[in-house]
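# Commentary on secondary and tertiary structure
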Amino acid sequence: MCKGLAALPATCLKSAKDMKYRLGFLLQKSDSCDYSSSQGKKEKVSSSQRVSQEEVRKWADSLENLIHHDRGLAAFRAFLKSEYSEENIEFWVSCEDYKKTKSPAKLSPKARKIYDEFISVQATKEVNLDSCTREKTSHNILEPTLSCFDEAQRKIFTLMEKDSYRRFLKSPYYLDLVSPPGAGCGPENCKRSHTHTLDCNSNIISQCA
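The sections below set out a description of the structure shown in this document.

Rules of the game
Residues numbered from 1 in each chain as written. Predicted model: local features only at pLDDT ≥ 70, side-chain atom pairs only at ≥ 80, totals over all residues. Heavy atoms only, no water. Helix = DSSP H or I, 4+ residues; strand = E, 2+ residues; numbered from the N terminus. Buried < 20%, exposed > 50% of the residue type's maximum accessible area, 1.4 Å probe, protein only. Polar contact = N/O pair within 3.5 Å; in protein donor to acceptor, adjacent residues only side chain to side chain. Axes fitted to C-alpha atoms, helices over the stretch in contact; angles between N-to-C directions. Left-handed = near helix turned anticlockwise from the far one by under 90°. Contact = heavy atoms within 4.5 Å. Nonpolar A, V, L, I, M, F, W, Y, C, P; charged D, E, K, R; others polar. Expected span 1.5 Å × (residues − 1).

Along the polypeptide, Glu83 turns up in the loop between helix H5 (70-82) and helix H6 (87-98). For Glu83, a relative accessible area of 13% puts it in the buried group. Side chain to side chain, Glu83 and Arg167 meet in a polar contact 2.5 Å long.

Written out as structure tokens, the structure is:
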């Protein structure tokens, strides 16, 4: 022991040791609280990302219900990507974002970007529009308004509704959510599960009737 400490009374040394112990305990407790708080936040985030079965079933009522729900939109987009036709939903989302533009000065560049990406004949993600709608949209963006893509957006929405949305509802991208594993296996569920397995193994999910 150094001379400085040796010169101190025994009671002082004991008090110093007690103080050191208490500080160490408080620091450990603080770390534990921080960890618990972090874990709690993670659990809350995970819980908030869950979708109820009731909500998932509503997605089968209409395409609108599906794509206006964040998780539904993500599932539908993943399905379209598997079919190499995600340009339709990307165009629809871009139009929704465009209609939220608050600054008039931003309308023209945003409209031009959407047109060049999805509607122009040289578009990298060209969507399937009839010539009349394409021509009208081309005229609209010369003096863009918040509604200049409305007709084109409706046409693509109808196209998805009649085609890819119906296939989505019969695909594992939806069925695995509405009837997750372990949810019970009645005759219909077992038959449907067997059918999905065959579809996956034969790689013809996108061709489901």
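Now, onward.
Working note: a packed helix pair is described by the angle between its axes plus the distance between those axes. One way to put it is that H6 packs onto helix H9 (residues 150-162) with a least axis distance of 10 Å and a crossing angle of 140 degrees. Every pair of crossing elements has a handedness; the one defined by H6 and H9 is left-handed. On the side of H6, the interface is formed by Asn88, Ile89, Phe91, Trp92, Cys95 and Glu96, while H9 contributes Ala152, Gln153, Ile156, Phe157, Leu159 and Met160. Among the residues forming the contact of H6 with H9, the class breakdown is nine nonpolar, two polar and one charged.

The next point concerns the packing of helix H8 (residues 131-140) against H9. In contact at an axis separation of 9 Å, H8 and H9 are set at 150 degrees when each is read in the N-to-C sense. Here Thr133, Lys136 and Thr137 of H8 lie close against H9, whose contacting residues are Glu151, Ala152 and Lys155. By residue class, the composition of the contact of H8 with H9 is one nonpolar, two polar and three charged.

Two residues of an α-helix separated by three or four positions point the same way, owing to the 3.6 residues in each turn. In a regular helix each residue adds 1.5 Å, so twelve residues correspond to 16 Å; H6 covers 16 Å between its end C-alpha atoms and thus fits that length. For H6, the secondary structure elements touched by its buried residues are helix H4 (63-67), H5, helix H7 (104-119) and H9.

This part covers the side chain of Ser171. You can see Ser171 is positioned in the loop between helix H10 (164-169) and helix H11 (172-178). Within polar-contact distance, the side chain of Ser171 engages the backbone oxygen of Phe168 at 2.7 Å.

You can see Gln153 is positioned in helix H9. Sequence separation between Gln153 and Leu129 is 24 residues; the distance between their C-alpha atoms is 9.6 Å. Apart from residues lying up to four places away in sequence, Gln153 is in contact with Phe91, Trp92, Cys95, Glu96 and Lys99. At 2.9 Å, the side chain of Gln153 and the side chain of Glu96 are in polar contact.

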